[in-house]
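Here is what each chain is made of, one letter per residue.
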Amino acid sequence: MYEKTFPSKRFKHTLTFLEKHISTNESILDLGVENPFSKIMIENGYSVENTKGEDLDVDFSALTVSKAEVVTAFEIFEHLLNPLTILKEIKADKLVASIPMRLWFSPAYQSKTDPWDRHYHEFEDWQFDWLLEKAGWQIKDSAKWTNPVKKIGIRPLLRYFTPRYYIVYAEKIKQV
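It should be emphasised that the depicted structure is a prediction, and the values quoted were computed from it without experimental measurement.

**Examining the sheet that holds strand β5 (residues 137–145)**
Then, number 1: In spatial order, the strands read β2-β1-β3-β4-β6-β5; together these six strands make up an open sheet with mixed pairing. Each edge of the open sheet is held by one strand with a lone partner, namely β2 (47–50) and β5. For this sheet the average axis-to-axis angle between neighbouring strands, irrespective of direction, equals 20°.
Then, number 2: Bridge analysis of strand β1 (residues 27–30) against strand β3 (residues 70–74) gives three bridges, and the strand direction is parallel. Considered in β3, the bridge of Asp30 is made with Thr72.
Then, number 3: Contacts from helix α2 (residues 36–43) reach β1, β2 and β3, with the element oriented near 155° to β2.

Written out as structure tokens, the structure is:
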């Protein structure tokens, strides 16, 4: 997936945000297979377990059996048909999740070669907030950042000013 580009800026922002809210003493279930960022979390002292590549739209067993205190989901929910179900199935009380934001000047991402690497959803920040709220999560903090590219054109220029990534720290709302 990162054969040609390595998202250093995104990873730096994500790690800084994670370190702000999650202690290295807390265990993490990272949604998605092991990836470069899960390795970065481990290198920075986090105890991380990844899901194994199961289709999270239909198999949430990893979520229901995990004893992790925190779930992380970095650029995962846009690939799922029904992220609401996944969010409701999470047993952990803390969530750190990021999404690529919908860009009004660019079509939804679709890999031509990898059927897993396609975006079913591209959220605006308010839509993602609403999804989390409906699933029983309360957002405690959030951040956005841009993702400029080294190309010439109108879209690359817009990427300098338009936030591309949105990250949240949320806690599960206790049911009484």
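Read on for the rest.
**Brief notes about the pairing of β2**
Then, number 1: The two faces of β2 differ: Val48 and Asn50 on one face are buried, but Ser47 and Glu49 on the other face are not.
Then, number 2: Bridge count for β1 against β2 is four bridges, and the pairing is parallel. By the bridge assignment, Ile28 is partnered in β2 with Val48.
Then, number 3: For the crossover that starts at β1, traverses α2 and ends in the parallel β2, the hand is right-handed.

**Quick notes on α2**
Then, number 1: Listing the buried residues of α2 in full gives Phe37, Ser38, Ile40 and Met41. Looking straight down α2, one finds its buried side chains confined to an arc of 155°; they lie on one side.
Then, number 2: In this structure, the buried residues of α2 make contact with α1 (8–21), β1, β2 and β3.
Then, number 3: Two or three places before Phe37, at the opening of α2, Asn35 has a side-chain oxygen 2.8 Å from that residue's backbone nitrogen.
Then, number 4: Downstream of α2 by a residue or two, Gly45 has a phi angle that is positive, lying close to 95°.

Criteria and cut-off values
- Residues numbered from 1 in each chain as written.
- Predicted model: local features only at pLDDT ≥ 70, side-chain atom pairs only at ≥ 80, totals over all residues.
- Heavy atoms only, no water.
- Pairing = 2+ DSSP bridges.
- Helix = DSSP H or I, 4+ residues; strand = E, 2+ residues; numbered from the N terminus.
- Axes fitted to C-alpha atoms, helices over the stretch in contact; angles between N-to-C directions.
- Contact = heavy atoms within 4.5 Å.
- Buried < 20%, exposed > 50% of the residue type's maximum accessible area, 1.4 Å probe, protein only.
- Right-handed = clockwise from strand over helix to strand, strands pointing away.
- Arc of directions from axis to C-beta.
- Polar contact = N/O pair within 3.5 Å; in protein donor to acceptor, adjacent residues only side chain to side chain.

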